[in-house]
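Structure assessment
What follows is each chain in one-letter form.
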Amino acid sequence: MTFKYDFDWPMLLEDPYKEWIIEGVTTTIYLSLLAWVIALTIGIIIGTIRMTRSPWLRFIGTAYVEFFRNIPLLVQLFVWFFVFPLMLPHDWMLSWNRLPHIPFITALLALSLFTAARVAEHIRSGISSIPKGQFDAARSSGLTEVQIYRYVIIPYAFRVMIPTIASEFLTIFKNSALTLTIGVSEITSSAKAIEAWSFHGIEAYSVASVTYMTTTATVVLFMGWLEHRLRIPGLIAKK
Amino acid sequence: MDWSVIATHLPFLMKGLWMSVKLATLVVIFAFPLACLIAVGRISSRSWIRYPSAIFVNTMRSNPLILIVFWFFFLVPIIIGRPVGDFASVMIGFIVFFSAYFTEIIRSGIQSVGRNQIQAGLSTGLTYFQTMRMIVLPQALRNMMPALITECVIVFQGTTIAYVVGLREFLNSTFLITEITLRPAELYTFAAIVYFVVCFAGSSLARQMEKRKVRT
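Summarised in this report is the structure supplied together with it. (Residues numbered from 1 in each chain as written. Chains lettered and ligands numbered in written order. Predicted model: local features only at pLDDT ≥ 70, side-chain atom pairs only at ≥ 80, totals over all residues. Heavy atoms only, no water.)

**Some details on the overall build of chain A**
- Each helix and strand in chain A was counted, giving 9 helices and 0 strands.
- Scanning chain A from its N terminus toward the C terminus, one meets helices and strands in the order α-α-α-α-α-α-α-α-α.
- Taking the principal axes of its C-alpha atoms as reference, chain A extends roughly 70 × 55 × 35 Å.
- Taken over 239 residues, chain A has a buried fraction of 46%.
- In chain A, once contacts between residues fewer than 6 apart in sequence are set aside, the share between residues at least 24 apart is 75%. (Helix = DSSP H or I, 4+ residues; strand = E, 2+ residues; numbered from the N terminus. Buried < 20%, exposed > 50% of the residue type's maximum accessible area, 1.4 Å probe, protein only. Contact = heavy atoms within 4.5 Å.)

See below:
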């Protein structure tokens, strides 16, 4: 077993590598934040649809979740990138191809739709975890259906769901690395490029790993704090 | 749309699918025992075992699989000192990465069995290992079965990432055929359908088991 490797950490601070790293980190954060917001919005809608009484709406919600969860994200990216533009009517296809940053837009679309399915599942299990007594109590105190959700269920469910909503941000954050396959220059692709140019893989991949790990640690700490702040006494028991 | 392109290249595509299945199966076979060891380390009372296990699991879980694959693709030949082939490098990366996820499933499975079960076992005169083997593990395994199957589906989905290093699994084979035939619409739709069918079967099985678990 021989380990021959010359470390050269300062090279990361030189151009063009420094610029690639900055661009990669910015793109990763920007892409994941945007996709997360969209995923939460769609996910909440789909999750709520699955809780309604209408069997049709429920079916649509379930179909959405099953569809997006059972196809690997990389395949979804390829379908959005290679197949989706071909399916559009001719005029639309032309205007789609004229859009700037097509890889970024495609990545945003794929990531948010994929994650929305996961969010929808969390919303559903969050709402079903609420004891039925809460609904009964709210109804018997004379609240309307909308008020029940607005004042009782959502504040309750929201707190239960904070950890999962946060972990979905981290999921998107990590999944955004896949978008390098369609040419988005996020941090993993910057690291790959640095490795390919300099053959200093350890330094290059360390930058990417450190980015992911510090972000994860920050989000986990922040959410722990938030969860603690918003805790309803006696509800989310501290272990 | 011209679906005949799929029929023409079906043998090549199926070879790719077989590669994906093989990769996923091998990864699960190797990652699971490894994860059992790390899970035991994770709940160990000795801190010099517990902390390294926790650091390993959290490191793997906070990095994307694709980056882990790049890491191993780069590092394995350097550490071993000679090229070991794409398949081995990718597989080692997958095993290490997924063992962290399996660890968490196994750990929560073991912890889902109440402490009083262990006490009851010990008080009937069983040794610690007998209690583990005959009382805790059978219950733990049943509790974690749905999550394990879901994770196997995720491993299968994860094999698509071998695409980035050019391993000829199903997605990569599909990609190669699109390069030749210039028929991305049919081929990627076909790939999506195949993945959907396999993964849907897996996740339906997991759901069935979840239901049965609730009933018993």
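Next, the rest of the story.
**With respect to the overall build of chain B**
- In terms of helices and strands, chain B carries 8 helices and 0 strands.
- Across chain B, helices and strands are ordered from the amino to the carboxyl terminus as α-α-α-α-α-α-α-α.
- A principal-axis box enclosing the C-alpha atoms of chain B has dimensions of 70 × 50 × 25 Å.
- In chain B, which comprises 216 residues, the share counted as buried stands at 48%.
- Considering only residue pairs separated by 6 or more positions, chain B has 75% of its internal contacts joining residues 24 or more positions apart.
- For chain B, the accessible surface area stands at approximately 10700 Å², while carbon and sulfur atoms represent 67% of it.
- Both charge centroids of chain B, one from 18 positive and one from 8 negative side chains, sit 18 Å from each other. (Areas by Shrake-Rupley, 256 points an atom, 1.4 Å probe, with all protein chains shown as cover. Lys, Arg positive; Asp, Glu negative; His and termini not counted. Charge placed at Lys NZ, Arg CZ, Asp CG, Glu CD.)

**Some words on a negative patch on the surface**
- The grouping of Glu14, Asp15, Glu19 and Glu23 of chain A at the surface amounts to a negative patch.
- For Glu19 of chain A, the position within the fold is in helix α1 (residues 17-49). (Patch = residues over 30% accessible without salt bridge, like charges linked within 9 Å, V, L, I, M, F, W, Y side chains within 5 Å. Salt bridge = Lys/Arg side-chain N within 4 Å of Asp/Glu carboxyl O.)

**Observations concerning the packing of aromatic side chains**
Residues and elements named next belong to chain B.
- This model, assessed by the stated rule, comprises 34 aromatic pairs over all chains.
- Their ring planes at 50° and their centres at 5.6 Å tell us that Phe156 and Tyr195 sit as a pair that is tilted. Within this pair, whereas Phe156 is found in helix α6 (residues 128-158), its partner Tyr195 is found in helix α8 (residues 184-215), the two being separated by 39 residues in sequence. In this structure, Phe156 and Tyr195 share a single accessibility class: buried. (Phe/Tyr/Trp six-rings, centres within 6.5 Å; stacked < 30°, edge-to-face > 60°.)

**Brief notes about the pattern of salt bridges**
Residue and element names in this part refer to chain A.
- Tallied over the entire structure, the rule returns 10 salt bridges over all chains.
- Put simply, Arg50 and Glu121 hold a salt bridge, and the shortest N to O gap is 2.4 Å. Taken as a pair, Arg50 in the loop between α1 and α2 (55-69) and Glu121 in helix α5 (residues 102-128) lie far apart in primary sequence, 71 residues in all. In this structure, Arg50 and Glu121 share a single accessibility class: buried.
- Beyond isolated ion pairs, a larger network of salt bridges with shared partners links Arg50, Glu121 and Arg124.

**Overview of the interface of chain A and chain B**
- If you look at the interface, chain A gives 38 residues, while chain B gives 34 residues.
- Summed over both sides, the interface of chain A with chain B buries roughly 3200 Å², with 77% coming from carbon and sulfur.
- When the area that chain A buries against chain B is broken down by residue, the three leading residues are Asn70, Lys174 and Tyr205 of chain A, summing to 18%.
- The interface formed by chain A and chain B contains 1 salt bridge.
- A salt bridge links Glu66 of chain A to Arg207 of chain B, with the shortest nitrogen-to-oxygen separation between them at 2.8 Å.
- Along the contact surface separating chain A from chain B lie 7 residue pairs in polar contact (both at pLDDT 80 or more).
- Only α2, α3 (73-87), α8 (187-198) and α9 (201-229) of chain A provide two or more residues apiece to the side of chain A that touches chain B.
- Looking at side-chain class alone, the side of chain A that touches chain B contains 23 nonpolar, 9 polar and 6 charged residues. (Buried area = accessible area lost by both parts, 1.4 Å probe. Polar contact = N/O pair within 3.5 Å; in protein donor to acceptor, adjacent residues only side chain to side chain. Nonpolar A, V, L, I, M, F, W, Y, C, P; charged D, E, K, R; others polar.)

**Thoughts on the packing of helix α5 (residues 115-123) of chain B against α6 of chain B**
All names here are of chain B.
- Direction vectors running N to C along α5 and α6 enclose 140°, while the axes themselves pass 9 Å from each other. Relative to α6, the element α5 is oriented oblique. Relative to α6, the crossing made by α5 is right-handed. Each of Gln117, Ile118, Gly121 and Leu122 in α5 lies in contact with α6, whose residues at this interface are Tyr128, Thr131, Ile135, Val136 and Gln139.
- Taken together, the residues that form the contact of α5 with α6 break down as 5 nonpolar, 4 polar and no charged. (Axes fitted to C-alpha atoms, helices over the stretch in contact; angles between N-to-C directions. Parallel < 35°, antiparallel > 145°, perpendicular 65-115°, else oblique. Left-handed = near helix turned anticlockwise from the far one by under 90°.)

**Here's the deal with unusual backbone geometry**
Residues and elements named next belong to chain A.
- With a phi angle near 55°, His101 is a residue other than glycine that sits in the positive phi range.
- For His101, the location among the structural elements is in the loop between α4 (90-98) and α5.
- The exposure class assigned to His101 is exposed, which follows from its relative accessible area of 62%.

**As for helix α2 (residues 47-61) of chain B**
Residue and element names in this part refer to chain B.
- When the terminal C-alpha atoms of α2 are compared, their 21 Å separation across 15 residues agrees well with the 21 Å that a helix rising 1.5 Å per residue should span.
- Among all positions of α2, only Ser53, Ala54, Val57 and Met60 are buried. The buried residues of α2 occupy one face: seen down the axis, they fall within an arc of 140°. Across from the buried face of α2, at angles greater than 90 degrees, the exposed residues are Trp48, Tyr51 and Ile55.
- Those residues of α2 that are buried lie in contact with α1 (4-42), α3 (65-80) and α4 (86-111). (Expected span 1.5 Å × (residues − 1). Arc of directions from axis to C-beta.)

**Quick word on the environment of Trp56 of chain A**
Residue and element names in this part refer to chain A.
- Examined against the element boundaries, Trp56 turns out to sit in helix α2.
- Taking the relative accessible area as the measure of exposure, Trp56 reaches 66% and is therefore exposed.
- For the pair formed by Trp56 and Ile202, sequence separation is 146 residues and the distance between their alpha carbons is 53 Å.

**Some thoughts on a nonpolar patch on the surface**
- The grouping of Trp56, Leu57, Phe59 and Ile60 of chain A at the surface amounts to a nonpolar patch, some 480 Å² of accessible area in total.
- With respect to the helices, strands and loops of the structure, Leu57 of chain A is situated in helix α2.

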